Amino acid sequence: MSSSTKKAQSNQPHAATIGLAANRIVTLDEFIIRAEKDFEYATGELTGLLRDIGVAAKIINREVNKAGLVNILGVADSGENESGDTQQKLDVYANEKLIECLQNSGECCAIASEENTDIINVPAVNSKKSHYIVMFDPLDGSSNIDVNVSVGTIFAIYRRKSDASGPATLEDFLQEGAKQVAAGYVLYGTSTILVYTTGRGVNGFTLDPSIGEFCLSHRNMRIPVNGQFYSVNQGYYSKFDLEMRRYIDHCSDQNYGLRYIGSMVSDIHRILIHGGIFLYPSTRKYPKGKLRLLYECNPLSMLVEQAGGKAINTQLKRILDIVPNELHVRSTIAIGSPAMVDELQAFIERYSALPI
Ligand code: AHG
Ligand code: MN
Ligand code: MN
C-alpha cells in the first residue's frame, strides 16, 4: 500500500467513532440513530428521512428483483421524462414509491425528482414543519434493467433556505452541492447495498434478504488514491474534445482497464471500492454533458469527496461548487480517485488551449 493510500485510509473512522464493535451486526436503523448525535441539526428529521429512503429502497429492490417475472419491464406509457430521456416502467414505479414513502412520513417538505418536471411540495403530517428537501434519481441506469444489469437509486438531502412556515420554493432546490447535508445511493446489484454520508465519512449497508434489513458491511469507505480502470463511453471518442481524447489515449497507453456499465451509480460503486475515474464529458448530443447535476453529479460527488476522492467538471470547477440555474441542469463530470482526477486536470490544462 502506498503511503498516500495509508494516509487516506486513516482519515475519518466514522463507524468506529460511534461506538460500534467491528464484529457484531449493525442495522442501518441502529447506525442512523447512533450517528444522529454527530449531526449538527439533530432533530430526528434527518434520521427519519434516511429511514424513509431505506424503506423505499427495500420496496424498489423487491420489484427490481422480480422484474423479469411480472409485466414491469420495458418503456412506460408516458414515453419520456422532463429531460427527454426514455422512461422505463421501473423508473415510474421507483419514483412513485420514493415519493409515497417521503410523503407518508412528512419528514421532508418538498421533493424534486429526475422524473418530474417541477418540485413537489409535501403536505405537513401532524402539523410538523420539516426543514429538509430531498432530490433523487429514482432509478439510475434504467435502460439496463431489461438485460439484468445493476441499477440504482441516488438521493440528496438539503436544508431548505426558505422559511419553514410556507411552502418550499424552487430556490430551495437551486443550492450548490456543497450544501448537501446527506447523500447516498442504493445499488440493486448482485447484492443490494445502501451507501450514504452525512458529511462524516461514507458507510455501506448490504441488504440481508433473510431478515429484510440493511446491515453495516462497508465501514468508513475510502477510495484508493489511484486506480487501474477508467470508465467512459468510448463509443463517443471521436466527439470528445482534444484534451479528453489525449487523456483516454494516455489511459490506454498506461494499460488501464476500461470498465463502463452504463449505469453511473454502478461505476461509482466500483470506483469507491477499487479506485479509478469516471468521465462523462461533452458530446455532440450533450454539449453541456449528459448527467444531471442535482440528481446524479452532486450526490455522487459528495460521496466520493467524503471517501477521499475528487469530482470536477471539464471546466475544472469543483462539482459541489456549481450553482444550479435550473432543476434539470446537466453537467460534464470527471470523478474518482484523486490522483487520476488531478492527472486529467493536467491534460485539460495542457491541451484545451490547442487547436483540435
Ligand atoms: P438514467 O438511467 O437515470 O437516465 O441515467 C443514465 C445515465 C448514467 O447512469 C449512465 O452512466 C449514463 O446515463 C449512460 O449514458 P450513455 O449511454 O450515453 O453512455
Ligand atoms: Mn441517472
Ligand atoms: Mn434515472
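My aim in this report is to walk through the structure given alongside it, one point at a time. (Residues numbered from 1 in each chain as written. Chains lettered and ligands numbered in written order. Predicted model: local features only at pLDDT ≥ 70, side-chain atom pairs only at ≥ 80, totals over all residues. Heavy atoms only, no water.)

Looking at the packing of helix 8 (residues 264-274) against helix 9 (residues 293-306)
- Between helix 8 and helix 9, the least distance of the axes is 11 Å, while the angle of their chain directions is 10°. Classified by the angle their axes make, helix 8 and helix 9 are roughly parallel. Touching M264, I268 and L272 of helix 8 are E296, L300, L303 and V304, all from helix 9.
- Residue composition of the contact of helix 8 with helix 9, grouped by class: six nonpolar, no polar and one charged. (Axes fitted to C-alpha atoms, helices over the stretch in contact; angles between N-to-C directions. Helix = DSSP H or I, 4+ residues; strand = E, 2+ residues; numbered from the N terminus. Parallel < 35°, antiparallel > 145°, perpendicular 65-115°, else oblique. Contact = heavy atoms within 4.5 Å. Nonpolar A, V, L, I, M, F, W, Y, C, P; charged D, E, K, R; others polar.)

Examining the pairing of strand 10 (residues 213-218)
- Pairing between strand 9 (residues 202-208) and strand 10: five bridges, direction antiparallel. Within strand 10, the residue paired with F205 across the bridge is L216.
- In textbook terms, the turn of a hairpin is the stretch between consecutive antiparallel strands, and for strand 9 and strand 10 this stretch comprises four residues, one of which, G212, has a positive phi near 70°. (Pairing = 2+ DSSP bridges.)

Some remarks on the site of ligand 1
- Every one of the 18 residues lining ligand 1 counts as a neighbour, but D140, G141, N233, Y260 and Y280 are closest to it.
- Separating an oxygen atom of ligand 1 from a backbone N or O atom of M264 is a distance of 2.8 Å.
- A distance of 3.3 Å separates an oxygen atom of ligand 1 from a polar side-chain atom of E296.
- Elements with a minimum of two residues in the shell around ligand 1: strand 5 (132-140), strand 13 (277-280) and strand 14 (291-292).
- Broken down by element, the shell around ligand 1 gets its largest block of residues, three residues, from strand 5.
- Residues belonging to the shell around ligand 1 are distributed by class as follows: seven nonpolar, five polar and six charged. (Near = heavy atom within 4 Å. Polar contact = N/O pair within 3.5 Å; in protein donor to acceptor, adjacent residues only side chain to side chain.)

Focus on the pattern of salt bridges
- Counted according to the given criterion, the structure contains 15 salt bridges.
- Salt-bridge contacts for D321 lead to R318; the nearest nitrogen and oxygen are separated by 3.0 Å.
- By relative accessible area, R318 is classed as partly exposed at 32%.
- Overlapping salt bridges, with partners in common, bring together R24, E30 and R34 in one network. (Salt bridge = Lys/Arg side-chain N within 4 Å of Asp/Glu carboxyl O. Buried < 20%, exposed > 50% of the residue type's maximum accessible area, 1.4 Å probe, protein only.)

Some points on the packing of aromatic side chains
- The full count for this structure, using the stated rule, is seven aromatic pairs.
- With a centroid separation of 5.5 Å and an interplanar angle of 75°, the aromatic rings of Y247 and F347 are classed as edge-to-face. Here F347 lies in helix 10 (residues 338-351) and Y247 lies in helix 7 (residues 242-253), a separation of 100 residues in the sequence. F347 matches Y247 in its accessibility class, with the two residues each being buried.
- Note on F347 and Y351: the rings are 5.9 Å apart at their centroids and 25° apart in plane angle, and the pair reads as stacked. Here F347 and its partner Y351 are both found in helix 10, four residues apart, which amounts to about one turn of the helix. Accessibility classification places F347 together with Y351 in one group, the buried group.
- Of the aromatic side chains, those joined through ring pairs into one cluster are F31, Y196 and F205. (Phe/Tyr/Trp six-rings, centres within 6.5 Å; stacked < 30°, edge-to-face > 60°.)

A word on the coordination of the manganese ion (ligand 2)
- Each protein donor to the manganese ion (ligand 2) is listed here as D137 (OD), D140 (OD) and E296 (OE); together their distances run 1.8 to 2.1 Å.
- Here the donor residues for the manganese ion (ligand 2) map to a single chain with the spacing D-x2-D-x155-E.
- The two metals, the manganese ion (ligand 2) and the manganese ion (ligand 3), are separated by 3.6 Å and share D137 as a common coordinating residue. Taken together, the positions of D137 in strand 5 and E296 in helix 9 put the pair 159 residues apart, joining distant regions of the chain.
- Residue classification places D137 among the buried positions, given a relative accessible area of 0%. (Donors = N, O, S within 2.8 Å, 3.2 Å for Na, K, Ca; no water.)

Description of helix 9
- By the criterion of burial, helix 9 is predominantly enclosed, with 13 of the 14 residues buried.
- Immediately beyond the C-terminal end of helix 9, within one or two residues, lies G308, with a positive phi of roughly 100°.

Re the environment of I277
- Inspection of the secondary structure puts I277 in strand 13.
- Remark: the alpha-carbon pair of I277 and P338, spanning 61 residues in sequence, is separated by 8.7 Å.
- Non-local contacts of I277, meaning those with residues more than four positions away in its chain, are made with F229, Y230, S231, Y247, I271, I335, G336, M340, V341 and L344.

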